[in-house]
Structures are given as C-alpha cells and as structure tokens.
Amino acid sequence: MGHTIRRARADDAGALAALAAVTFPLACPPSSSPEDIAAHLAGTLSETHFGQYLADPDTIVLVLDSDGTLNGYSLLVNRPAADPDVAAALTLLPCVELSKCYVHPQHHGLGAAAELMQASLLAATEAGGAGIWLGVNSQNARAVRFYEKSGFRKVGTKTFRLGTAVEHDFVMERSLP
C-alpha cells in the first residue's frame, strides 16, 4: 500500500478526528483515565475542532494518506507560543509549534513517522520558522527518542492539562534548514 503526504482538506476533518481517537490515547501516560482522554478528544480533537484548525490561516495540517485512508497527521501552529514557560525556553525565533504528530500504530516502525516529520519540518520552514518546537509528555520515552532522533533537544518543561490531571511535558526545539 502506497501513501502520500499532503495538506489536509476541509473534508478530512471527520477522518482526522477518527484517527486522533486511535492515536492520542497511545501518547498518554498509563495513569491517564479513560474519562480524561475522552474529555480531551471531545474538547480538542473532535471533527468540529479539526474543521476549525483547517480553517485557521496560522495552522497547517498535513496527512499521511494511504490510498484514501488517513494513517497519520501533523498539526503546525505558526504563531508565538502563548505559554510563558514555553516562550521563555525557546531560543530560535520565530518558532513554529509542532502541536500534534501522530501515526496510526499499524504504521509504526515502517518509516512513515520519519516521512511525516520531514514534511512537517519543510512546512515549518516554508512558513518562515527559524525553529520548530513541541511539547511531549515526559513519560512518553518512545516519542522523546523519536524527537531526539529527528534533531530536537530538550530546552524546558511545561504543564499540560489532560481532563482533571496535570501532566508534565518536555519542551523540545530544533533549528530549521
């Protein structure tokens, strides 16, 4: 099965929400409650929310399209970091946020995530970024390793509210070509 990486379209919002319902829970710490995960999905990763992201001129959504099925996506935000902890940690300005980067678990280990990352870095460069940053749960060792392999380095920490829980994230940054 082949795949392409392309900009998401408005009619991808439903498929993106369905993919997020599969991929987001995999990034959560084992202690996360199903209720907190469901609340986050409903409050941030619903079809309506993806429709809003796709309509936002400061947001870029890329998808890994496998013959009409979405098996990965990234979401980049091209505006200054609102979180003061993040803003204080960043050194490469302007810096684009890699807000989300997920690949369906059936595509893990096949190079799809690295391809999606490369496309995301290119999109951030084309958007005018000198750097790119992300937040990743400090307990998600697999993701941290992937981001380090992709050239990111830890530059700070921030908190992330997941329903009723407060999670601790690493802030990671890398320069763009």
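Up top is the structure these notes are about.
Here's what I pulled together on the structure shown here. (Residues numbered from 1 in each chain as written. Predicted model: local features only at pLDDT ≥ 70, side-chain atom pairs only at ≥ 80, totals over all residues. Heavy atoms only, no water.)

Describing the sheet that holds strand β7 (residues 165–175)
Moving on, step 1. Here 7 strands make up an open sheet; going across it, the order is β1-β2-β3-β4-β5-β7-β6 and the pairing mixed. Each having just a single partner strand, β1 (4–7) and β6 (153–162) make up the two edges of the open sheet. Between one strand and the next, the sheet's axes are offset by a mean angle of 30°, whatever the strand orientation.
Moving on, step 2. Both β1 and strand β2 (residues 59–66) contribute to a ladder of 4 bridges, which runs antiparallel. (Pairing = 2+ DSSP bridges. Helix = DSSP H or I, 4+ residues; strand = E, 2+ residues; numbered from the N terminus. Axes fitted to C-alpha atoms, helices over the stretch in contact; angles between N-to-C directions.)

Re the packing of helix α1 (residues 13–27) against helix α3 (residues 47–55)
Moving on, step 1. Axis separation between α1 and α3 bottoms out at 8 Å; the angle between their running directions is 120°. As judged from the angle between their axes, α1 and α3 are oblique. In terms of crossing hand, the pair formed by α1 and α3 is right-handed. Residues A13, G14, L16, A17 and A20 of α1 form the contact with α3, whose participating residues are E47, F50, G51 and L54.
Moving on, step 2. For the contact of α1 with α3, a count of residues per class yields 6 nonpolar, 2 polar and 1 charged. (Parallel < 35°, antiparallel > 145°, perpendicular 65-115°, else oblique. Left-handed = near helix turned anticlockwise from the far one by under 90°. Contact = heavy atoms within 4.5 Å. Nonpolar A, V, L, I, M, F, W, Y, C, P; charged D, E, K, R; others polar.)

Focus: unusual backbone geometry
Moving on, step 1. In this chain, L93 is followed by P94 through a cis amide linkage whose omega measures -5°.
Moving on, step 2. With respect to the helices, strands and loops of the structure, P94 is situated in the loop between α4 (84–89) and β4 (95–103).
Moving on, step 3. In this model, D67 sits at a positive phi of 50°, which is unusual for a non-glycine residue.
Moving on, step 4. With respect to the helices, strands and loops of the structure, D67 is situated in the loop between β2 and β3 (69–77).

Quick word on the packing of aromatic side chains
Moving on, step 1. Under the counting rule described, the total for this entry stands at 6 aromatic pairs.
Moving on, step 2. Ring geometry for Y147 and F152: centres 5.9 Å apart, planes at 70°, overall edge-to-face.
Moving on, step 3. Among the aromatic residues, those joined into a cluster by ring pairs are F24, F50, Y53, Y73 and Y102.
Moving on, step 4. Directly above the ring of F170 sits K154, whose terminal nitrogen or CZ lies 4.4 Å from the centroid. (Phe/Tyr/Trp six-rings, centres within 6.5 Å; stacked < 30°, edge-to-face > 60°. Lys NZ or Arg CZ within 6 Å of the ring centre and 35° of its normal.)

With respect to the nonpolar core
Moving on, step 1. One finds L76, L98, I132, Y147 and F152 to be the most contacted residues of the largest nonpolar core, which totals 23 residues.
Moving on, step 2. Of all the elements in the fold, those that place two or more residues in this core are β2, β4, α5 (112–126), β5 (131–137) and α6 (141–149).
Moving on, step 3. Examining the composition of this core, we find that 6 residues originate from one element, α5, more than from any other.
Moving on, step 4. Dropping the residues within four chain positions of it, F152 is found in contact with L98, M117, L121, I132, W133, L134, Y147, M172, E173 and R174.
Moving on, step 5. L16, V61, V63 and L70 belong to the second-largest nonpolar core, a separate cluster that totals 21 residues. (Core = buried A, V, L, I, M, F, W, Y, C linked by side-chain atoms within 4.5 Å. Buried < 20%, exposed > 50% of the residue type's maximum accessible area, 1.4 Å probe, protein only.)

Quick word on the side chain of T23
Moving on, step 1. Locating T23 in the fold gives a position in helix α1.
Moving on, step 2. Relative accessible area serves as the criterion here: at 3%, T23 is assigned to the buried category.
Moving on, step 3. Ignoring any residue separated from it by four or fewer positions in sequence, one finds T23 in contact with Y73, Y102, V103, H104 and P105.

Keep in mind these values describe shape, not function.
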